[in-house]
Amino acid sequence: MSRVAPSIDDLLCEGCGYNLAGLPPDGACPECGRSVRSSAIDNGRHATPYEIDRNYRATLFRWIIAPTRSARGISVGTHPRENRFAWRTLILVACFAWPGVMLHLRFVFTSISPLWRIPDGLSGWLTFAGIGMLIPMLGGFLMSPGVGIRLIAWLTSLEGAYWGYRLPAARVRRVLCYLTSQFVPWAGLASCLIMLYMLLRTQGHLPDHPPHWYLYGLSAFVVIASVAIFATYVRAMGAIRYANQTQSPVES
Ligand SMILES: [Zn+2]
């Protein structure tokens, strides 16, 4: 049965989601005992380092290593730089994915299923390099703040409202922009593994190794990465479902 999500102005306990309306600032949550102050004024939510002093690398690193903690510490007001962060990160992901996609396409279309007549040598490599960059760029565009992130935020908001969680699309969207960081290590790892495989293959270390093993391995990798990223997304949404709006000088 669906429940009614609290309104955007309700003050919720950051610990358990109890509605703290009417309680004094020095009081405690009747449900879990957490101080009202730690949910209202000192709730530990701030703008990201990228929004405060344009520190992209620190923000990226933080959201890769500790996404749930980062989501628990992010202010929930929107900020224009969140879109910029997502774009920068998606371009980085495309660059990390590029060698892997290029080598993968070359292997599939020359060794496993030589469908196209692609010339050998430099022109062939350039063809794969071009397509290998186009695919991750297209993926990045589909995942961008105006397209994929917007759609996922809208669906998450609907789902949250059904279960009675306060997850306005703008807040979800904000966190998703920073969660694009999660694609960086997976794209890098995928490219490294594909490069290693191709290196071992060309060096003759994998004699009589059927190519479909490679495809099974790659499929397993994609499934593991997708499950891990989805689990991170669910935990991050849990970290903002009781978040309260706080005043911060850098928010707009
Ligand atoms: Zn509580």
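Computed from a predicted structure; not experimentally measured. (Residues numbered from 1 in each chain as written. Predicted model: local features only at pLDDT ≥ 70, side-chain atom pairs only at ≥ 80, totals over all residues.)

(A) View of the overall build of the protein. Within the protein one finds 10 helices and zero strands. The helix and strand sequence of the protein, counted from the amino end, reads α-α-α-α-α-α-α-α-α-α. Its C-alpha radius of gyration of 23 Å places the protein more than 25% over the 18 Å reference for a compact globule of 252 residues. By principal-axis analysis of the C-alpha atoms, the protein measures approximately 75 × 40 × 30 Å. The proportion of buried residues among the 252 residues of the protein is 29%. (Helix = DSSP H or I, 4+ residues; strand = E, 2+ residues; numbered from the N terminus. Rg over C-alpha atoms; globule rule 2.2 N^0.38 Å. Buried ≥ 20, exposed ≤ 12 C-beta atoms within 10 Å, placed from the backbone.)

(B) Seen up close, helix 3 (residues 56-65). Listing the buried residues of helix 3 in full gives T59, L60 and W63. An end-on view of helix 3 places all buried positions within 100 degrees of arc, on one side of the element. In helix 3, those exposed residues whose orientation departs by more than 90 degrees from the buried face are R57 and I65. Turning to helix 3, the residues buried within the fold contact helix 2 (49-53), helix 4 (67-72), helix 5 (81-112) and helix 8 (169-179). (Arc of directions from axis to C-beta. Contact = placed C-beta atoms within 7 Å.)

(C) Region of interest: the environment of I8. For I8, the position within the fold is in the segment before helix 1 (37-40). Under the C-beta neighbour-count criterion, I8 is labelled exposed, with 12 such atoms within 10 Å. C-alpha separation for the pair I8 and S111, spaced 103 residues apart in sequence, amounts to 56 Å.

(D) The arrangement of the nonpolar core in detail. With 41 residues, the main nonpolar core has V93, A97, V175, L176, Y178, A187 and I240 as its most contacted residues. Those residues in contact with A187, other than ones at most four positions away along the chain, are V93, F96 and A97. (Core = buried A, V, L, I, M, F, W, Y, C linked by C-beta atoms within 7 Å.)

(E) Representation of helix 6 (residues 121-142) in the model. Here helix 6 spans 32 Å end to end across 22 residues, near enough to the 32 Å set by a 1.5 Å rise per residue. Here helix 6 has its buried residues at G132, P136 and G140. For helix 6, the arc enclosing every buried residue in end-on projection is 75 degrees, short of the 170-degree limit, so these residues lie on one face. Opposite the buried face of helix 6, at more than 90 degrees from it, the exposed residues are S123, L126, G130, L138 and L142. Lining the buried residues of helix 6 we find helix 5. (Expected span 1.5 Å × (residues − 1).)

(F) Summary view of the packing of helix 5 against helix 8. At a minimum axis separation of 8 Å, helix 5 and helix 8 run at an interaxial angle of 30 degrees. When the axis of helix 5 is compared with that of helix 8, the two are roughly parallel. As for the relative orientation of helix 5 and helix 8, their crossing is left-handed in sense. Listed contacts from helix 8 to E82, N83, F85 and A86 of helix 5 are R174, C177 and Y178. Along the lines of polarity and charge, the residues of the contact of helix 5 with helix 8 split into four nonpolar, one polar and two charged. (Axes fitted to C-alpha atoms, helices over the stretch in contact; angles between N-to-C directions. Parallel < 35°, antiparallel > 145°, perpendicular 65-115°, else oblique. Left-handed = near helix turned anticlockwise from the far one by under 90°. Nonpolar A, V, L, I, M, F, W, Y, C, P; charged D, E, K, R; others polar.)

(G) Quick look at the confidence of the model for the protein. Confidence in the prediction of the protein, expressed as mean pLDDT, is 91, and 94% of residues score 70 or more. Note that pLDDT drops below 50 for residues 247-252; the model gives that stretch 12 contacts with residues more than four away or on any other chain. (pLDDT = per-residue confidence, 0-100.)

(H) Structural detail: the environment of G73. By the secondary structure assignment, G73 is in the loop between helix 4 and helix 5. Considered as a pair, G73 and H46 are 27 residues apart in the sequence and their alpha carbons are 6.2 Å apart. Once residues lying within four places of it in the same chain are set aside, the contact partners of G73 are G44, R45 and H46.

(I) Examining the packing of helix 8 against helix 10 (residues 211-240) more closely. Helix 10 packs onto helix 8 with a crossing angle of 135 degrees between their chain directions and a minimal axis gap of 11 Å. For the element pair helix 8 / helix 10, the angle class is oblique. Crossing geometry of helix 8 relative to helix 10 is assigned as right-handed. Between helix 8 and helix 10, the residues in contact are R171, V172, V175 and L179 and T232, Y233, A236, M237 and I240, respectively. Split into classes, the residues belonging to the contact of helix 8 with helix 10 amount to seven nonpolar, one polar and one charged.

(J) Inspection of the environment of C192 at higher detail. Looking at where C192 falls in the secondary structure, it is placed in helix 9 (residues 183-202). On the neighbour-count criterion, C192 (13 C-beta atoms within 10 Å) is partly exposed. Here the alpha-carbon distance between C192 and C177, two residues 15 residues apart in the chain, equals 25 Å.

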